[in-house]
Amino acid sequence: MIETANSSKKGNKLFALLILIAAALLILHLCMQTAELNPTCSKSNKN
Amino acid sequence: MDEDNNKFNRRNFIKTAGLASGVIALAGAAGAGLAAGSNKDSYTGWGRTAYGEDQFFNRKPFLVDTPTYDKVGETRRIAFIEDLFKRNGELSRLLFPRGDETPLWSFDEGVEKLPEPLKTYYLEHPDALGEFRKAIEKSQEQAGTWDKYKHKYLLADAWSTAHASPIGGQGAFPPQPHGNPEESDFRGVNEETLPLKSPAHGSSLIKQIAYSFGASLVGIAKVKEDWVYQGYMRGVGKIDFEVPEHWKYAVVIAVPHEWDSMYANPTYGTSYDAYSKLRFIAGKLEVFLKEIGYAARSHVPPTSYEIAMPPLAIDAGLGEQGRHGVLVTPELGANTRLAAVTTNMLLEPDKPIDIGIKEFCSKCKICAEECPSGAISFTDKPENVIRGYQRWNINQDKCFTIWNSVATSHARGCRVCLAVCPYSRKNNWIHKIVREVDPRDPTGLFSSAMLAMQKKFFTYPGGQEYLPAPDGNNKTFGEAPDWLMTEEWFNI
Amino acid sequence: MFPNSTILGPLFWIVMGGLYTISFTGFYYWITDSIIKMNWWKWLLSILWFLGLNITIAGGFTLFGEKEIRAGFWFLSVFGGVFIVLGVGLWRLLTSR
Amino acid sequence: MMMKKKYRDLIIVSGIAVMIILAAVYGKRRDAETQKELIEAFFPSSQYHIERVNGNKWKLSSSNLLYSGNIYIGEGKGYNGAVSIMVQTDHQGRISQLNIIANHETPSYFQKLKINNFLKTASQVKIGDYVSGEPIDAVSGATITSRAIMQGIRNGNTKGENIAVSNSFHPSFGILEFIIVALLIAGLILQVIKNRKIRRTIRWTSLIVSFAMLGFVYNQPITLSRIVAILNGHFPDIRYEFYFYLLLGGSIMAIIFTKKNIYCRSICPFSAAQEILAKTGRAKTFHTKYYRRLKYLQWGFTLGAILLALVLNNPGAAQYEVFGAFFQLTGTVILFVVLFIVVILSLFIYRPWCNFMCPMDGVFAYVRMIRNMISK
């Protein structure tokens with residue numbers, strides 16, 4: 001019943017790659033977010 | 001065999017060509033879109049002809065019998081002192097008398113020492129006086145910092161001054177009336193009046209003439225007593241007066257500001273571009289009416305009028321009043337500036353329209369959020385009762401303080417609320433779709449979706465940001481047109 | 001569209017009409033050469049999809065033309081994304097069975 | 001073999017717990033150190049003299065009458081934890097300065113809030129007016145944060161002056177709470193019903209309800225930053241966010257008693273979005289020999305984000321979900337790119353976000369691990 005996509009197929013390598021790219025982007029996102037969150041005087045804290 | 005092969009090849013060719021042309025067509029659509037967006041013909045009211053039939057919104061389906069302002073209880077006319085500029089003018093004459101060394105009044109003397117009707121007004125509005133004092137302080141402060149900005153805004157200031165030049169002083173057009181309206185409005189009227197075929201003919205003719213003078217929108221309303229100021233009459237002075245007999249109808253004229261400068265308010269825009277156009281259109285119309293034998297008086301901005309324009313324009317079916325107090329028309333949105341000519345020519349008045357501005361304004365509130373002065377109300381429903389009419393009301397005094405605070409050579413206004421209003425859109429297909437669908441959707445879902453997009457897709461700097469440092473960063477809503485940016489043309 | 005010419009505008013739309021015709025014919029041949037069985041609503045959905053895509057792109061670029069760059073990008077990415085999803089769905093629908 | 005696995009689980013569970021506790025303690029210490037520096041950043045000692053009265057009140061004196069009086073520091077409960085407010089009043093109790101000195105709100109959201117305008121409005125009211133309630137309207141779209149600011153003002157003032165306030169508990173039960181309870185019940189029913197047709201109807205109904213209501217209307221999924229906020233000791237204000245306790249409590253209880261993660265299966269609005277996309281593109285389950293490794297990567301990522309946010313003492317730092325980007329179009333450009341990839345992937349493989357990226361998967365897996373250990 002359950003249809004599966006198998007990683008041995010060529011097209012599915014792309015899916016795995018995309019997942020990794022997304023993960024890498026998320027790391028980048030966290031880094032940038034952390035940089036922005038300098039707790040003492042981030043931009044948004046100043047009136 | 002050969003033919004089969006040929007046919008096969010032709011088929012394959014078309015298949016490939018089809019794919020390619022699909023992509024090219026998409027690129028073509030992109031190009032057409034780009035062209036539509038940047039097309040100067042989309043600057044409504046500035047189309048190829050002054051008559052610009054295609055720019056108009058079909059009002060027929062939205063005509064209503066009673067205008068969309070809400071009358072609650074007793075109504076009354078507007079005292080001239082309720083007009084910010086008249087009031088501030090009176091006060092300024094006391095504070096800074098011409099030639100005279102000593103001021104006739106100073107803030108320290110208190111409200112009680114003020115002459116009437118200022119005294120009564122400020123006793124009833126205690127915050128207004130403090131706000132005016134703040135405005136004067138801000139004005140002096142800004143005059144001190146103007147040196148910092150005067151090069152950056154040289155072109156904008158020059159452009160605004162150029163537009164202002166035909167407005168003030170002795171040579172102003174139209175000339176100020178002098179004497180009683182019964183006298184001045186009839187001065188120079190052609191003694192011979194030909195019989196008019198019908199009031200409808202009259203309306204149609206006057207509209208065509210006004211369009212040819214450069215009006216973008218023209219509507220005709222019966223003069224309603226409530227909209228006529230009380231306490232001051234041009235050419236006569238401070239008197240209480242009955243509405244003159246011969247102010248039967250008002251021809252209401254609307255033009256937009258130049259769009260790109262309007263989006264770049266408060267620092268790059270001006271009110272004078274629209275004002276001077278309106279003065280020429282209304283002044284010429286006054287002359288035209290007199291030439292064909294009717295009494296006429298033009299009522300023009302910035303301060304030469306005896307009638308409040310927005311409600312008059314509502315009566316004339318041009319649009320409805322928005323949260324920011326400005327008239328919102330289907331064609332021009334809040335980028336609508338008004339003038340009127342009162343006349344005794346028999347005309348056929350237009351009907352008011354209801355395109356659901358009130359419902360929209362109650363959920364939008366962008367202007368209130370963006371207003372640098374916080375003068376615009378945030379209430380969901382219009383809660384103020386002003387002279388017997390229920391509507392949103394702006395705090396004139398706070399608004400004026402911001403005029404004095406923005407980085408312009410002198411108090412030149414702000415107009416951010418006109419620029420940020422979602423209805424203030426040029427005339428191209430994408431906005432035309434919205435303009436036509438929105439009032440026809442009774443559920444309000446369409447406008448909610450459009451509003452969500454408006455708030456999400458567009459950048460709003462936010463109230464304070466429009467002010468100079470230290471409060472803000474001289475932000476504008478839209479990018480200024482290059483022809484108003486000094487740095488594009490001069491080394492500064 | 002072409003501010004200094006009165007003839008280029010009409011010509012442009014003639015060419016656009018031609019392009020749409022060719023792309024439609026090409027699509028028709030692709031379909032008839034494949035195993036996909038079309039019926040009226042499948043044709044309708046396909047045409048509507050292509051039209052919608054055109055309008056989305058034209059809309060985004062209209063906003064660019066108005067110097068509303070940010071809004072244009074938003075418009076293109078949001079509605080473009082929706083149209084990609086709809087396109088995949090439509091493709092699955094066309095090729096089903 | 002079985003013994004070995006049990007020990008391994010114990011080590012993992014307790015190891016993670018120890019890491020979280022250490023990170024939280026470290027983060028808290030850092031926060032306390034910065035308090036005085038914060039005040040001096042706004043009132044440099046060259047111009048102002050500050051004197052500590054108590055933990056919430058400082059006396060301020062300077063040559064300018066407007067800038068002498070009291071400084072109050074208080075905390076309000078924001079979306080992701082505390083929002084610290086510094087209020088400076090003159091001797092008449094008029095607010096002359098109002099600053100947010102620290103906040104844990106997600107930056108991309110926070111900047112949208114037009115908070116500067118709100119602060120301006122908020123400072124036009126006397127500080128005493130905040131004692132009895134909320135004298136000004138909350139900014140729509142930022143209700144929790146604006147309330148947190150007003151709460152911070154009240155908190156600093158009342159604690160600094162020892163004013164007694166009653167903080168009564170009135171959990172509100174509205175439409176949102178009703179929907180959550182209904183979704184929880186539907187999720188539980190799915191565990192017992194065998195009939196496929198009924199199962200399908202219930203599942204799709206709850207997915208669509210969640211998609212529309214939790215996603216678009218309320219946009220209230222469980223996010224990692226809220227979990228971190230709780231780990232950090234900042235429980236959301238139950239008066240306004242009763243739904244959150246229902247949602248989190250219900251989901252955890254369901255894992256403990258039924259072993260099934262009903263939140264991810266049928267309540268999470270973004271899982272519903274992926275289900276709909278999967279239906280659209282007829283996505284298939286993605287099987288790869290690296291499945292385990294990808295899973296560890298996903299869970300490790302979650303743990304890393306939690307630790308990072310705890311060390312920074314800022315729950316907002318753990319935010320990397322794409323819910324906001326999908327449902328409310330808020331977030332950074334990078335998150336939108338990720339969202340784009342996820343949406344395209346969802347068309348072809350079944351639930352890529354849940355299976356390979358979502359942090360909540362790790363959180364619930366951890367809860368299930370503890371549950372399995374205890375039940376054994």
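Because the structure is predicted, anything quoted here is derived from the model rather than measured.

Thresholds, definitions, all that
Residues numbered from 1 in each chain as written. Chains lettered and ligands numbered in written order. Predicted model: local features only at pLDDT ≥ 70, side-chain atom pairs only at ≥ 80, totals over all residues. Heavy atoms only, no water. Helix = DSSP H or I, 4+ residues; strand = E, 2+ residues; numbered from the N terminus. Rg over C-alpha atoms; globule rule 2.2 N^0.38 Å. Buried < 20%, exposed > 50% of the residue type's maximum accessible area, 1.4 Å probe, protein only. Contact = heavy atoms within 4.5 Å. Domains from an automatic or database assignment. Buried area = accessible area lost by both parts, 1.4 Å probe. Salt bridge = Lys/Arg side-chain N within 4 Å of Asp/Glu carboxyl O. Polar contact = N/O pair within 3.5 Å; in protein donor to acceptor, adjacent residues only side chain to side chain. Nonpolar A, V, L, I, M, F, W, Y, C, P; charged D, E, K, R; others polar. Axes fitted to C-alpha atoms, helices over the stretch in contact; angles between N-to-C directions. Parallel < 35°, antiparallel > 145°, perpendicular 65-115°, else oblique. Left-handed = near helix turned anticlockwise from the far one by under 90°. Pairing = 2+ DSSP bridges. Core = buried A, V, L, I, M, F, W, Y, C linked by side-chain atoms within 4.5 Å. Phe/Tyr/Trp six-rings, centres within 6.5 Å; stacked < 30°, edge-to-face > 60°. Lys NZ or Arg CZ within 6 Å of the ring centre and 35° of its normal.

For chain C, the count of helices and strands is 3 helices and 0 strands. Overall, chain C shows an N-to-C arrangement of helices and strands of α-α-α. The C-alpha atoms of chain C give 17 Å as radius of gyration, which overshoots the globular expectation for 97 residues (13 Å, by more than 25%). C-alpha extents for chain C along the principal axes are approximately 50 × 35 × 15 Å. Taken across its 97 residues, chain C has 41% of its residues classed as buried. Long-range contacts, defined here as pairs at least 24 residues apart, represent 43% of the contacts in chain C between residues at least 6 apart.

Moving on: the domain arrangement of chain D. Residues and elements named next belong to chain D. Each assigned domain of chain D is listed here: domain 1 (2-27 + 171-375) and domain 2 (34-160). Computed from C-alpha atoms alone, the centre-to-centre distance between domain 1 and domain 2 is 34 Å. With 20 residues of domain 1 at the contact, the number on the domain 2 side is 16 residues. A buried area of about 1,500 Å², summed over both sides, lies between domain 1 and domain 2, and 50% of it is on carbon and sulfur atoms. Inspection of the region where domain 1 meets domain 2 yields 0 salt bridges. Put simply, domain 1 and domain 2 have 0 residue pairs in polar contact (both at pLDDT 80 or more) between them. It is helix α7 (residues 224-231) that provides the largest number of residues to the side of domain 1 that touches domain 2, a total of 3 residues. Per-class residue counts for the side of domain 1 that touches domain 2 are 5 nonpolar, 11 polar and 4 charged.

Residue and element names in this part refer to chain D. Remark: helix α5 (residues 175-192) packs on helix α6 (residues 196-217), axes separated minimally by 10 Å, with the N-to-C direction vectors making an angle of 155 degrees. The angle between α5 and α6 places the two elements in the roughly antiparallel class. Note that α5 runs across α6; the crossing there is left-handed. Residues L176, I179, I180, L183, A186, I189 and L190 of α5 form the contact with α6, whose participating residues are R199, I202, R203, S206, V209, S210, M213 and L214. In the contact of α5 with α6, the residues fall into 11 nonpolar, 2 polar and 2 charged.

Moving on to the environment of A142(D). All names here are of chain D. If you trace the backbone, A142 turns up in the loop between α3 (115-122) and α4 (143-161). On the accessibility criterion, A142 (4% relative accessible area) is buried. When the C-alpha atoms of A142 and Y79 are compared, they prove to be 9.2 Å apart, with 63 residues separating the residues in sequence.

Our focus in this paragraph is the domain arrangement of chain C. Residue and element names in this part refer to chain C. When its domains are assigned, chain C resolves into domain 1 (1-35) and domain 2 (37-97). On a C-alpha basis, the centres of domain 1 and domain 2 stand 18 Å from each other. Across the contact, 7 residues belong to domain 1 and 7 residues belong to domain 2. Carbon and sulfur atoms supply 80% of the area buried between domain 1 and domain 2, which totals about 590 Å² over both sides. When the area that domain 1 buries against domain 2 is broken down by residue, the three leading residues are Y20, F27 and I31, summing to 58%. Summed over the shared surface of domain 1 and domain 2, the result is 0 salt bridges. For the interface between domain 1 and domain 2, the tally reads 2 residue pairs in polar contact (both at pLDDT 80 or more). In terms of residue class, the side of domain 1 that touches domain 2 is made up of 6 nonpolar, 1 polar and no charged.

Residue and element names in this part refer to chain D. Extensive coverage of α7 is indicated by the burial of 7 of its 8 residues. Taken together, the buried positions of α7 are L224, S225, R226, I227, V228, A229 and I230. Check the buried side of α7 and you find it contacts β3 (69-78), β4 (81-89), α8 (242-258), α11 (291-311) and α15 (359-375).

Residue and element names in this part refer to chain B. One open sheet accounts for 3 strands, arranged β1-β11-β10; its pairing is antiparallel. Of all strands in the sheet, those bounded by a partner on one side alone are β1 (70-71) and β10 (384-386). When β1 meets strand β11 (residues 389-391), the two strands line up antiparallel, connected through 2 bridges. When the bridges of β11 are listed, D70 appears paired with Q390.

A word on the sheet that holds β3(D). Strand-to-strand pairing in sheets goes through backbone hydrogen bonds, with the strands running parallel or antiparallel. Residues and elements named next belong to chain D. One open sheet accounts for 5 strands, arranged β1-β2-β3-β4-β5; its pairing is antiparallel. Since the sheet does not close on itself, it has two edges, and those belong to β1 (49-52) and β5 (95-103), each with one partner. For this sheet, the mean angle separating the axes of adjacent strands, direction not counted, is 25 degrees. Along the sheet face, α4 touches β2 (57-61), β3, β4 and β5 and points at about 135 degrees away from the line of β3.

Once that is clear, we can look at the pairing of β2(D). Residues and elements named next belong to chain D. Strand direction decides the pairing type here: β1 and β2, joined by 4 bridges, are antiparallel. Residue I50 lies in a different strand from β2, and its bridge partner there is L60. Bridge count between β2 and β3: 4 bridges; the pairing is antiparallel. Residue pairing in the sheet places W58 in a bridge with I71 of β3.

Taken together, the 12 residues of chain D in the interface contact 9 residues of chain C. Here chain D and chain C share an interface that buries about 880 Å² over both sides, 75% of which is from carbon and sulfur atoms. When residues of chain D are sorted by the area they lose upon contact with chain C, T280(D), R282(D) and L329(D) head the list and together hold 44% of the total. Applying the counting rule to chain D against chain C returns 0 salt bridges. For the pair chain D and chain C, the interface holds 2 residue pairs in polar contact (both at pLDDT 80 or more). Contributions of two or more residues to the side of chain D that touches chain C are made by α10 (269-281) and α13 (333-348) of chain D. No other element matches α13(D), which puts 6 residues into the side of chain D that touches chain C.

Judged by nonpolar contacts, the single largest core of 192 residues is most densely connected at L91(B), L285(B), I222(D), L224(D), F270(D), V338(D) and W353(D). Of the residues forming this core, the biggest block, 10 residues, is contributed by α13(D). For L285(B), the contacting residues outside a window of four places in its chain are I206(B), I209(B), A210(B), F213(B), V251(B), I253(B) and V341(B). Listed in part, the 18 residues of the second largest apolar core include I100(D), F118(D), L119(D) and I149(D).

Moving on, we come to the pattern of salt bridges. Counting across every chain of the model gives 31 salt bridges over all chains. Across the pair K358(B) and D70(B) runs a salt bridge whose closest N-O atoms are separated by 2.8 Å. Note that K358(B) is positioned in helix α11 (residues 357-364) and D70(B) in strand β1, a separation of 288 residues in sequence. Take K358(B): its relative accessible area is 24%, and that puts it in the partly exposed class. We classify D70(B) as partly exposed; its relative accessible area is 31%. Note that E275(D) is salt-bridged to R351(D), the shortest N-O span being 2.8 Å. Within this pair, whereas E275(D) is found in helix α10, its partner R351(D) is found in the loop between α13 and α14 (352-356), the two being separated by 76 residues in sequence. The two residues E275(D) and R351(D) agree in class, both being buried.

With 4 pairs of chains in contact overall, the contact-richest pair is chains A and D. The closest approach of any C-alpha atom in chain A to one in chain C is 15 Å; the two make no contact.

As a further point, take the packing of aromatic side chains. Summed over all chains, the structure comprises 50 aromatic pairs over all chains. Each ring, one from F85(B) and one from W403(B), has its centre 5.3 Å from the other, and the planes form 50 degrees; the classification is tilted. Of the two residues, F85(B) sits in helix α2 (residues 84-95) while W403(B) sits in helix α13 (residues 396-405), which places them 318 residues apart along the sequence. A centroid spacing of 5.1 Å and a plane angle of 45 degrees characterise the contact between W227(B) and Y389(B), whose relative ring orientation is tilted. Of this pair, W227(B) sits in the loop between β3 (217-222) and β4 (229-230) while Y389(B) is found in strand β11, placing the two residues 162 residues apart along the sequence. We note that W227(B), like Y389(B), is buried. An aromatic cluster is present here, built from F211(D), F216(D), F270(D), F323(D), F326(D), F327(D) and W353(D) joined pairwise through their rings. Over the aromatic face of Y229(B) sits the side chain of K86(B), whose NZ or CZ is 5.6 Å from the ring centroid. In this structure, K86(B) packs its charged tip against the face of Y305(B), placed 5.2 Å from the ring centre.

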